Amino acid sequence: MGVNTLALRMMQRDAFYMVDADCICITNEVPWEKNRQWLDVLAKSGTPLFVPIAEDAYTEEVKKALTEAFEKAAAEHSPSIPEDIIENHTPKRWISDFGVDEYNWD
């Protein structure tokens, strides 16, 4: 849902409004490794970054990752491009001004 929303709606960015793929709900219900990847791809995407956080999931590691993510998200950069959208139902390779990244959504 979120990954595909980002991939398929990116072309609409700045047409009438900013594209908002989804938020990153940081809780203990979702493995941090998956949320960390989602935080990274959204921070580099050029879209708004929303992050609700459960108090008990707010660790030093999360705090550090959020600081880095908000710094990236606040910088002016081009929209990310899902490189493998034709081959994968959920794109794993993304090109951004920060380079090429591969994510494991499985």
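Refer to the structure above for everything that follows.
Description of the structure in this document. (Residues numbered from 1 in each chain as written. Predicted model: local features only at pLDDT ≥ 70, side-chain atom pairs only at ≥ 80, totals over all residues. Heavy atoms only, no water.)

In strand S2 (residues 93–96), alternate side chains face the same way, and those of Trp94 and Ser96 are buried while those of Arg93 and Ile95 on the opposite face are not. Bridging between strand S1 (residues 81–82) and S2 involves two bridges; their strand directions are antiparallel. Its bridge partner lying in S2, isoleucine 81 is registered against isoleucine 95. Summarising the sheet, S2 and strand S3 (residues 99–102) pair through four bridges and their orientation is antiparallel. Bridged to serine 96 within S3 is glycine 99. Connecting S2 to the next strand, S3, in antiparallel fashion are two residues. (Buried < 20%, exposed > 50% of the residue type's maximum accessible area, 1.4 Å probe, protein only. Helix = DSSP H or I, 4+ residues; strand = E, 2+ residues; numbered from the N terminus. Pairing = 2+ DSSP bridges.)

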